[in-house]
Every structure is written in C-alpha cells, then in structure tokens.
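# Residue-level structure breakdown
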Amino acid sequence: MRPHFLPSLIIAFFAICLIACASNKKQTGYRASTSNVQQFDAIIVPGVPFKNGSWDSVMKARVMWSWILYKNGITKNIIYSGSAVYSPYKEAIIMGLYGQKLGIPAEHMYYDTLALHSTENVYYSYLLAKQLGFKTIALATDPFQSFMLRGYTRRRFGTPIYHIPFVNDSIAAYRYVNPRINPRPAKVDSFVSITDKQSFFRRFRGTMGKDIDWSKYEGGKLEPL
C-alpha cells in the first residue's frame, strides 16, 4: 500500500471509533464510570493547544468539566497535563489559569508540562499522582478521547484509572461563562511546534504511546499508586 494512503485510513479509523463512542450511551455520565469510588484524590485533564489568545470549545469543555467535578466533590484535586506542543503556551498552565478564574483553589491544582500526546498526558500525570501520594485517580475529558484511551489505561497502569467523560448538558449550562486570562505565565520562549520537529508518522507513534520506554517497567505496566 502506498504511504500517502495511510493518513486517510488513520482518519477513517478514528471516525469509526468516534461513532462507536457516541453510541455507547452508558458512558455519558460520571455515575456510570466511577463505580463505588465516592471521591477521587485527583482527576487528569489532558491539554488542548491555546491559539488566538482564547480557549477553544474543546479546552473550555474540559476545564469546565474539571470545575464541575471539583465543586460537586467528585475530586479533591486536579492534574492539568500538557506541554507547549502546537502553540507557544504550556497547555497545562493555561488550563490552570482558567481553572483559577472559575474558582478552583490554586493549591488543589497540579501540573504536568512534559506530555506531548494524549497517552503521555495519562502517563506523566500518573507518575505525578504517585509522587504526590494520591491513591484514586480518574481521567476527565471528552467522550471521544476517553473512549480512545480506555484500553491504554486498563493495560498500562497498576492502579485503576476511572473514566469520567463529560456530559454535554452539564457543559452547555455554562456556555455563557468566558473568563479572560493573562497567558504570559504559560508562554514558552524560543518555541518550535511539534509539526516542525516531527513527521506525521513520528507524531502518530507518540500518540500511540511508543515514545514511552515501557521495557523499564515489569510486565510493561506501572506499579500501583
């Protein structure tokens, strides 16, 4: 098969997965995903590129969901994750700045600024959670990303990572909320986009978690928190 057909096939694969995710209505609310856990020590919130001086709809939804989960007592803390990948702003810090504007106390927010891909968002946040002594964690993101990472979180981590995909109706209730932030604390000098440093296939390998050296972990799996 000629190489230029591969990107189209990959996109088609993700589209099929999105349709499958949308049909799985049992995973739309956090009650269906948290089992018997009443409150998490922390939730992991993967980053989104910050462009044009404002959050886009995806970042807004993820940050709003983290705020909703925090203020309703579902989580004690939030780990925002994301480096400066596609724009010169550390995604984790940007989300934290918005989180503070929404009223989340700074002392309950933690940051991973190493992750370049969604698999790394979970990996580095898990390591941070272990360092902080957290014992129960969950992934709080949009339904599509949650679905795509479900097998990965089940296979690679010694402590269960619950999934809490956001509920669209809950996010829509706050559509009028649009705080302004000063993004300067998140700015990276001498920034180079990942698209200028890595090829499409190199980035795809990273998305699949291939940049993580799993061989240093027994059975290719991180030990429990």
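Residues numbered from 1 in each chain as written. Predicted model: local features only at pLDDT ≥ 70, side-chain atom pairs only at ≥ 80, totals over all residues. Heavy atoms only, no water.

Of all hydrophobic cores here, the largest spans 35 residues; its most connected members are Met 59, Tyr 80 and Ile 94. Element by element, the count of residues in this core is highest for helix α2 (residues 57-71), at eight residues. Look past the residues within four positions of Tyr 80 in its chain and what remains in contact with it is Val 45, Val 63, Ser 66, Ala 92, Met 95, Gly 96, Gly 99, Ile 104, Met 109, Tyr 110, Tyr 111 and Asp 112. (Core = buried A, V, L, I, M, F, W, Y, C linked by side-chain atoms within 4.5 Å. Buried < 20%, exposed > 50% of the residue type's maximum accessible area, 1.4 Å probe, protein only. Helix = DSSP H or I, 4+ residues; strand = E, 2+ residues; numbered from the N terminus. Contact = heavy atoms within 4.5 Å.)

A separate point is the environment of Ile 44. Relative to the helices and strands, Ile 44 is located in strand β1 (residues 42-46). Classification of Ile 44 by relative accessible area gives buried; the value is 0%. Along the backbone, Ile 44 and Tyr 110 are 66 residues apart, and their C-alpha atoms lie at a distance of 9.5 Å. Those residues within four positions of Ile 44 in sequence are excluded, and the remaining contacts are Ile 79, Asn 121, Val 122, Ser 125, Tyr 126, Ile 137, Ala 138, Leu 139 and Ala 140.

Using the criterion set out here, one finds five salt bridges in the structure. For Arg 184, the salt bridge goes to Asp 189, with nearest N and O atoms at 3.8 Å. According to the relative accessible area criterion, Arg 184 is partly exposed, its value standing at 47%. Across the pair Asp 211 and Arg 202 runs a salt bridge whose closest N-O atoms are separated by 2.7 Å. Its relative accessible area of 35% is what places Arg 202 among the partly exposed residues. (Salt bridge = Lys/Arg side-chain N within 4 Å of Asp/Glu carboxyl O.)

Once that is clear, we can look at the confidence of the model for the protein. Averaged over all residues, the pLDDT of the protein is 87; the fraction at 70 or higher stands at 84%. Between residues 1-33, whose pLDDT stays under 50, and residues either more than four places distant or in other chains, the model counts 35 contacts. (pLDDT = per-residue confidence, 0-100.)

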